[in-house]
Amino acid sequence: MIALVLRGLSTRKLRSALTAIAILLGVTMISGTLVLTDQIDRAFVQIFQQGNSKINVVVKQKPPFKDPQTEVFLNADLVTAVRAADGVRLAEPFIQVQGYVIVDGEPMDQTGGAPSFVFSSVSEELNPYSPIEGRLPTASGEIAIAKEIATKSKAKVGQAVTLATQDGIKPVKIVGIVQYGDGTTSLGGSTTVLAPLIDVQNWWSLQGKASYIYAKAKDGVSDEQLKANVRAALPQTDVIVQTGKEDADEQASVLNDLIGKIIRYALLAFAGVAVLVGAFIIYNTFSITVAQRTREFAMLRTIGASRRQILGTVVGEAFIIGSVASIIGIGLGMVFAWGLNKLFGAIGFGLPATGLILSWQTVVVALAVGVGITVLASIFPALRATKIAPIAALREGATLPVGRFQKLTPALAIVIAVLGAAGMVFGLISEADTTSRLLTLAGGAILIFVAVAMLARFIVRPVVGVLSVPITKVAGGVGKLASENAVRNPARTAVTAAALMIGIGLVVFVTIFVGGLRESFTGAIDNSLKSDVTVTARGFGGSLPAGVLDAVKAVPGVETASPVGGTAAQVDGQTFALIGVDLTTITDVYAFDWNDGSDEAVQSLGSDTALVEEAIATTLKLATGDSFKIQTISGKSATFTVAGTYTDPTILNGFVVDQAALKPLLQSNATGLNTVFVTETPGSNPDTVQAALDEALKGYPTAQVQSNAQQKDQVASSVNTILVIFYALLALSVMISLFGIVNTLVLSIFERTREIGMLRSVGTTRRQLRAMIRWEAVITSIIGGVLGVLLGIMFGWAVCKGLESEGLSFVFPTVQIVIFLVLSIVAGIVAAILPARRAAKLDVLEALQYE
Amino acid sequence: MSTEITSTPSAVATDAVVVATDLTKIYGEGDSEVRALDGVSVSFPKGQVAAVMGPAGSGKSTLMHILAGLDQPTSGSVLVDGTELAGLNDQKLTLLRRDKIGFVFQFFNLLPMLTAKENIELPMKIAGSTPDPEWQATLVEATGLGTRMTHKPAELSGGQQQRVAVARALLSKPAVIFGDEPTGTLDSKTSSEVLALLRRAVDEFGQTVIMVTHDASAAAIADRTLFLRDGKIVRDAGHLSAGEILDTIKTLE
C-alpha cells in the first residue's frame, strides 16, 4: 500500500507540490521562529555569562518587587564588608546607567527604543570589557567606547567627545576602544560606554551608590564557598548574594522574558494562522481528490481492499506530503530565521548574534505540527473515501456519497460558532491572567473561522447570484459560465474562499486594532492635554535632569511649565505608576476626565490624599474616602486616601499625588521629573517657542521637545511600523490561501477536461477560456474577501469594545477595507494565471477523448 | 482468513460455486416501485463460462452485483463458494472478495500510475500475500504482453489493458470471476483476444467466469447462456452460437 501511495503522489506531482506548499510555509515560520528565538535566548545567556566570566560573586539590591524598567541601587559602602569577607581577593562596586556618547554632534544611541548604557569601569580583572586599543578609563573625564561605536562613528582614541548624562552634557576624552568578552557576541547593536565610577556616580546623582558589587575569589575558593562567605559578611536582608553564573542566568532570563518571549509568541501566533490556513487547503485538496478518485477507490474495494486500507491510502498520502513539507519547511525555517536576523538588523533592532542552531525540540515541534495538521486535515476526506461502495467501480460517473456528517453541518457549525463567541467574550471580559485570556480569545476566533467556513457553502449560491449580474455584464457568456462553475460545488468554493477569509479577516482585524491603539494615544493627546509642548526623556523609563524644569521656565513665550514625575509602585501586589504633579499648574496643562471629583479637588490634595484612575480604582475596588497602602520600588511605603477618580488609560494612568508627597518615596538618585508639560503665552509663535526650548535644553541632550502634533506623529509612525510587520506576517497566510485557489482551480479544470474540450470545440477561444477561469477565481476571492472583511470588522469591534477601559476605541477603516477588497480581487486574478494557462493549453481533441 | 467467513453447508450440488435462491430486488416504493429482480433462482457450477444477457433494464447487472456481494437483495439468498452473503458485514465481504472473487470491468479500472505487472499484483499486495511465481509467470505468458509488462496502462491498447485486468482477477485463483461487459469498450479484434483469455482461464486453469454482456460474440464463447427480462430468467440455455443468441434476443424485445 505504501508503494501505491508513493506512486500516486509521484504521478500527481503538481497537486502534491501545491498541497505541500500549503503546509510548508506554516512549518517554515514555526521552525524559523523557534530557531530565531532559541538564538536570542542562547545569545542572552552567553552574553551575560561572558560578562560575568571573571566575576565569582555578585551582590545586589533586592527590590521590593520586580519592575524591568527601573534600576535599583545599593549602598556602595557595602564593598568594605565584602572585601573583609573570607576568601575575597578583590571586590569593587559597579554601576550601570543609561546614557550615550556624542561624536561630532552625532548621538551614538540605540535606535528603536532600546536603552543605551554607560557602565562604570571596574579593574581589568573583573571587567567583561577589555581594551583592543588604548586602555580602560581611570581618571575623571576619560571614557572607553565599544568597538561598535568606534566602527560606526570613526571615533579615535584620544579624541575629545561629549557624554549625554543625567546632569547634562559632559566633555570627555576617549582613552580606549573596548570589546565585550571575546568579541564574538554583542548586545544587539551595542552602544556601550565605560566611564570611571566617580564620574558615573556624580553625573547620574548616584553618589555613594552602586548597581552591583563584584567580588573575585582567592585561588582555591569555590564560587559557592565565596557566596556563603560574602553572605555571612552581609547581614542586610535587602541585598542579594549570587554567584556570577546565577546572576548571568537571571539577567538572561529577565531580558529573555522582555524580548525573546514576546518575539517568540508573536511570531508563533502568526505561524499558527499560516498553519490554520494550510489546514483548510489540505482539507479542501483532499476532499476534491477523494471525490475525483471515487472510481479508483471503489475498484480497490472490489479487489479486496478493506475500508481501513482505503483510509490508510489517503491518510498515508497526507502523512508523506506532511513529512516532506515539514522537512523542507524546517530547512527553509533556518533561512527564514537568517532573513529575520537581517531584517531586524536593517530596521535597527539588532539582535544579539551567536549563529543559528537547529535544536531537536524545533525539529520535533515543526514535524509534529506539520505532519499532525496535514494528517488531521485529511481525516474527514479519508473517512468519506472509506464510505465509497465497491459497486461504484462499475458505474460511470460515480460520485461520492453524501456523508451523514454533512447533514449535521449547519447544526454543528452553529454549536462551534457559539463556543467560539463564548471563548472570545471570556477572553475579553474575564479577570484571568493575560496569557489565558489571549489564548481563549484566539481559540474563540479560530472556532468562529471554522464555523463560518462550514456555513459559507450556504451563502455561495446567493452571493454568486448577485455577483453574476455584473460579471455577466462585463464578461458576457464566459462570465455566466464562470458563475455557474463557482456554484457547481458550493462546499468546494466555500472552503477555498474560507482560506483567504482567514488571512483577510486578520488583516482587517489588525488594522482596526492597531488603529484603535493609535486612536487611544492621539485621542488622549487631543482630549487630555491643554499643553502645547511636552518635554520628555529619550529612551524608556528615563527621567529628566532636575535642571530641565528651570531651563524650560526661563524660555520666553512659556506661560506654564508643569512638571510630572513618577515611579513604579505596588498596591495589593499589583504594579502601577505613582505619579507626582505640581498641584497649582497641573490643571492648566491637563484636563482631568472626572468620574468623582473636580479640578478644585486637585488644589486641595494633601500629603496623604491621591487621585485614582478609574480602571485602577475598579480593579482595586477603591472609592473616594477609601485608604490604600502603596510601596514604591525604593522600598518605601505610604498610605493615601482617595480624593477622587478620573479616567485616563494613557497619559496619567496611575495614582496622582502631590509631587511633594512623591519625593520622599523615590530612590535617592531619582529627580522625580519625567515630563514637563508646557503651555505657550497666547499670541506667541509656536515655532519660535519650540526653537527657543530646543536651544535652552541644549545642555540636556536626553530631553526631547515635542509639540502635540509631533507626539502624534511619533505614535503614528511607531504604530505604522507595527502594522507593516503585522501585514508582512499575515501576507504569508494570504499567500498560502492563494495556493489554495490555484490548487482548487487546477483540480477542477482537470475534472472538467472533457467539458473544456467541448467548450473549445464549439468555438470558445483560448482567451475566453482563460477569462472564464479568471472569473471563477475572482468570484472565490471576492467571497473570501467579503467574509474576511466582515469577520475582521466583527473581531475588531469586539476587541476594541472589550478593551475600551484600557483606552482602545473602534475606528472604522473605510479606506483600508476598500483597498483590501480590491487586493483580494487582484489576488484571485493572480491565482488564476497558472490554472488558466493550463486550461487554455489543453488540446481540443485529446480533451474530448479524455476519460 | 477462511475461518472468518461463516461457511454454511450447502444443500445444492457441491460443484456449484455460486448459488442464488429466490432473489428479489425492489427499488423505490409504492407507485414508483421497480422490481429489478423478481424471484430469480440460479446456480453456477465450477469450471464454466456463463453469460448473462438481456435488454437494458432486464436486471442482468443487478443480478451480477448481488451475486458478487456488491449489492444486497431485497430478499433471497446467495452462496459464494459455500458462504452465505446475507448478513456479512463490510469487513467479511471485503475478505470474501479478496479470497474468492475476481472482477473484470468494462472500463478496465487499472491504476494509471502502476505498470501492467504491478496492476496484476495489486490485489495480492492489498491482501498482503505473495503470488505464486509459477502461476504468475503462466498468467503473464497468457496475456501475451511479454515485455510490455513494465508499461503503464496509458501506453497499452484497450485489449491489452483488459487482458491485464483479466490476469489481475486470476492471480489470486478466485472461486469465481465476474465480468461486467468485459468487451463493452473493445473492437471485435481486441475483444476476441480478451475472450480467448477468459476461455483459456476456464479450460486450462479450471476457473469459473460469470459475465454480463450484450455482445453476442462474447456470449458465444460461454458454456451456458442466461436470458433475463423484467427481472426474471426467461431462458437458460447451454452453449449457443452468436446467431442463435441474436435470434433469442429478437424474441425477447
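Keep in mind that what you see is a predicted model, and the values were worked out from it rather than measured.

## Digging into the pattern of salt bridges
Working step 1: All chains considered together, the criterion is met by 35 salt bridges over all chains.
Working step 2: For Arg301 of chain A, the salt bridge identified is with Asp90 of chain B, shortest N-O distance 2.5 Å. With Arg301 of chain A in helix H8 (residues 294-302) and Asp90 of chain B in helix H2 (residues 90-100), this pair bridges two chains.
Working step 3: Given the relative accessible area of 1%, Arg301 of chain A is considered buried.
Working step 4: A salt bridge links Asp526 of chain A to Lys712 of chain A; the nearest nitrogen and oxygen atoms lie 2.5 Å apart. One end of the pair, Asp526 of chain A, is in helix H14 (residues 490-528); the other, Lys712 of chain A, is in helix H21 (residues 708-751), with 186 residues separating them in the sequence.
Working step 5: Residue class for Asp526 of chain A comes out partly exposed when judged on its relative accessible area of 47%.
Working step 6: Overlapping salt bridges, with partners in common, bring together Arg488, Arg752, Glu755 and Glu776 of chain A in one network.

## As for the domain arrangement of chain A
Residue and element names in this part refer to chain A.
Working step 1: Along its sequence, chain A is organised into domain 1 (44-255), domain 2 (454-531 + 707-851) and domain 3 (546-699).
Working step 2: When each unit is reduced to the centre of its C-alpha atoms, the spacing between domain 1 and domain 3 is 32 Å.
Working step 3: Each partner contributes residues to the interface: domain 1 has 15 residues there, and domain 3 has 14 residues.
Working step 4: Here domain 1 packs against domain 3, burying approximately 1,100 Å² in sum over the two surfaces, 58% of which is carbon and sulfur.
Working step 5: The interface formed by domain 1 and domain 3 includes 0 salt bridges.
Working step 6: At the junction of domain 1 with domain 3, the criterion picks out 1 residue pair in polar contact (both at pLDDT 80 or more).
Working step 7: Residue composition of the side of domain 1 that touches domain 3, grouped by class: 8 nonpolar, 4 polar and 3 charged.

## As for the confidence of the model for chain A
Working step 1: Confidence along chain A averages 87 in pLDDT terms, with 95% of residues attaining 70 or more.
Working step 2: The lowest-confidence element of chain A is helix H25 (residues 844-849) of chain A, averaging 72 in pLDDT; the highest-confidence one is strand E23 (residues 655-658) of chain A, averaging 94.

## Some details on the packing of aromatic side chains
Working step 1: Using the criterion set out here, one finds 21 aromatic pairs over all chains in the structure.
Working step 2: Between Phe270 of chain A and Phe726 of chain A, the ring centres sit 5.3 Å apart and the planes meet at 45°, which makes this aromatic pair tilted. Of the two residues, Phe270 of chain A is situated in helix H7 (residues 244-292) and Phe726 of chain A in helix H21; the sequence distance between them amounts to 456 residues.
Working step 3: Among the residues examined, Phe270 of chain A registers a relative accessible area of 10% and is labelled buried.
Working step 4: Of the residues examined, Phe726 of chain A reaches a relative accessible area of 22% and is grouped as partly exposed.
Working step 5: Here Arg224 of chain B stacks its cationic end above the ring of Phe44 of chain B, 5.2 Å away from the centre of that ring.

## Focus: a nonpolar patch on the surface
Working step 1: A cluster of nonpolar side chains, Val815, Val818, Ile819, Val822, Leu823, Val826, Val830 and Ile833 of chain A, forms an exposed patch at the surface whose accessible area comes to about 680 Å².
Working step 2: As for its position among the elements, Ile819 of chain A is in helix H24 (residues 814-841).

## Brief notes about the pairing of strand E6 (residues 101-104) of chain B
Residue and element names in this part refer to chain B.
Working step 1: Of the two faces of E6, the one carrying Ile101 and Phe103 and the one carrying Gly102 and Val104 are both buried.
Working step 2: Where E6 meets strand E7 (residues 176-180), 4 bridges bridge the pair, whose relative direction is parallel. Bridge pairing in E7 places Phe103 opposite Phe178.

## Structural notes on the interface of chain B and chain A
Working step 1: With 24 residues of chain B at the contact, the number on the chain A side is 23 residues.
Working step 2: The junction of chain B with chain A conceals about 2,300 Å² of combined surface from both sides, 64% of it contributed by carbon and sulfur atoms.
Working step 3: Counting the contacts that link chain B with chain A gives 2 salt bridges.
Working step 4: Here Asp90 of chain B ties to Arg307 of chain A by a salt bridge, and the two come within 3.4 Å at their closest N and O atoms.
Working step 5: Along the contact surface separating chain B from chain A lie 8 residue pairs in polar contact (both at pLDDT 80 or more).
Working step 6: Breaking the side of chain B that touches chain A down by element, the ones donating at least two residues are helix H1 (60-67), H2 and helix H3 (116-127) of chain B.
Working step 7: With 5 residues, the single largest contributor to the side of chain B that touches chain A is H2 of chain B.
Working step 8: Looking at the side of chain B that touches chain A residue by residue, the classes come out as 11 nonpolar, 5 polar and 8 charged.

Analysis parameters
Residues numbered from 1 in each chain as written. Chains lettered and ligands numbered in written order. Predicted model: local features only at pLDDT ≥ 70, side-chain atom pairs only at ≥ 80, totals over all residues. Heavy atoms only, no water. Salt bridge = Lys/Arg side-chain N within 4 Å of Asp/Glu carboxyl O. Helix = DSSP H or I, 4+ residues; strand = E, 2+ residues; numbered from the N terminus. Buried < 20%, exposed > 50% of the residue type's maximum accessible area, 1.4 Å probe, protein only. Domains from an automatic or database assignment. Contact = heavy atoms within 4.5 Å. Buried area = accessible area lost by both parts, 1.4 Å probe. Polar contact = N/O pair within 3.5 Å; in protein donor to acceptor, adjacent residues only side chain to side chain. Nonpolar A, V, L, I, M, F, W, Y, C, P; charged D, E, K, R; others polar. pLDDT = per-residue confidence, 0-100. Phe/Tyr/Trp six-rings, centres within 6.5 Å; stacked < 30°, edge-to-face > 60°. Lys NZ or Arg CZ within 6 Å of the ring centre and 35° of its normal. Patch = residues over 30% accessible without salt bridge, like charges linked within 9 Å, V, L, I, M, F, W, Y side chains within 5 Å. Areas by Shrake-Rupley, 256 points an atom, 1.4 Å probe, with all protein chains shown as cover. Pairing = 2+ DSSP bridges.

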